[in-house]
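Report on the structure
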Amino acid sequence: MTIGSQHKRFLVPGGVLAAALLLAGCAGTSKSPTATLPPPDAFAQLYDASGANRGRADIYRDASGLRVELIARGFGPGTYGMHVHAIGQCTPPEFTSAGPHWNPSGAQHGRENPMGAHHGDLPNLVVEPDEIGRATLRLVGSRLNGDGGLLDADGAAFVIHAGPDDYKTDPSGNSGGRVACGVIVAGGTGDD
């Protein structure tokens, strides 16, 4: 599914996760789309295995849960799985230290899996030629702090995978290796 600059809304049965995905690009533009927004409640600065900056995910509390504003830099054209992972560690090169997908409700993986989805399951990121990947994602019913929140005792991480998520295979959607990772931390400061 190529999204380009269209809006798509994704809903998971049971209301575990709803995500609105917006992808548009501005090649050569380094200004964040969140530049006019207030500081985020949390963020994840994304890096690849070599330590290169690969973008940022800003997280805001809103009336329905959490909203994530993503910029992904340095990705070639293609489709990439994205997930929130359960542990706030990003040890290169494989980033397996981030653990499994964030799943406080004990569901299976995938928006198309009748036993899914994890809270951390997100739509795929589609990067068009000569564009920077941008997405707005909604994690309905999710919280930043407290019981079942992202910022629990071991934290959480935002991960981009090498391939697309098939939206149904438990536990990871067959989305391939982890190519970028960022620890989610409270506050709004960072490299971007």
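Quick caveat: nothing in here was measured; it's all calculated off a predicted structure. (Residues numbered from 1 in each chain as written. Predicted model: local features only at pLDDT ≥ 70, side-chain atom pairs only at ≥ 80, totals over all residues. Heavy atoms only, no water.)

What to know about the nonpolar core
Membership of the largest hydrophobic core comes to 27 residues, with the highest contact counts inside it found for Leu150, Phe158 and Ile160. Sorting the residues of this core by element identifies β3 (42–47), β4 (53–62), β5 (65–72), β7 (82–85), β8 (125–127), β9 (133–140), β10 (157–161) and β11 (178–186) as the ones contributing at least two each. The element best represented in this core is β5, accounting for four residues. Dropping the residues within four chain positions of it, Leu150 is found in contact with Ile59, Leu66, Val84, Trp102, Arg143, Leu144, Gly155, Ala156 and Ile184. (Core = buried A, V, L, I, M, F, W, Y, C linked by side-chain atoms within 4.5 Å. Buried < 20%, exposed > 50% of the residue type's maximum accessible area, 1.4 Å probe, protein only. Helix = DSSP H or I, 4+ residues; strand = E, 2+ residues; numbered from the N terminus. Contact = heavy atoms within 4.5 Å.)

Observations concerning the state of the cysteines
The tally for this structure, following the rule as stated, stands at one disulfide. Covalently, Cys90 is tied to Cys181 through a disulfide, its sulfur atoms 2.0 Å apart. In this structure, the disulfide formed by Cys90 and Cys181 twists by about -65° around the S-S bond and is classed as left-handed. In this pair, Cys90 sits in the loop between β7 and β8 while Cys181 sits in strand β11, placing the two residues 91 residues apart along the sequence. Like Cys90, the residue Cys181 is buried in the burial classification. (Disulfide = S-S within 2.5 Å.)

A look at the confidence of the model for the chain
Chain-level statistics for the chain give a pLDDT mean of 78 and a share of 78% at 70 or above. Residue range residues 1–34 is modelled with pLDDT below 50. Its contacts to residues more than four positions away, or to other chains, number 93 contacts. (pLDDT = per-residue confidence, 0-100.)

Focus on the sheet that holds β5
The seven strands lie next to each other as β7-β10-β11-β3-β4-β5-β9, forming an open sheet whose pairing is antiparallel. Each of the sheet's edge strands pairs with one partner strand only, and the pair in question is β7 and β9. Within this sheet the neighbouring strands show an average axis-to-axis angle of 20°, counted without direction. Of the strand pairs in this sheet, β4 and β5 are connected by eight bridges, and their pairing is antiparallel. Along β5, the bridge assignment pairs Ala57 with Leu70. (Pairing = 2+ DSSP bridges. Axes fitted to C-alpha atoms, helices over the stretch in contact; angles between N-to-C directions.)

Notes on unusual backbone geometry
Here Pro92 and Pro93 are connected by a cis peptide whose omega angle stands at 5°. Within the fold, Pro93 resides in the loop between β7 and β8. Positive phi outside glycine occurs at Tyr167, with the angle close to 65°. Looking at where Tyr167 falls in the secondary structure, it is placed in the loop between β10 and β11. Classification of Tyr167 as buried rests on a relative accessible area of 9%. Of note in this structure, Asn174 is not a glycine but carries a positive phi near 50°. Of the residues examined, Asn174 reaches a relative accessible area of 55% and is grouped as exposed.

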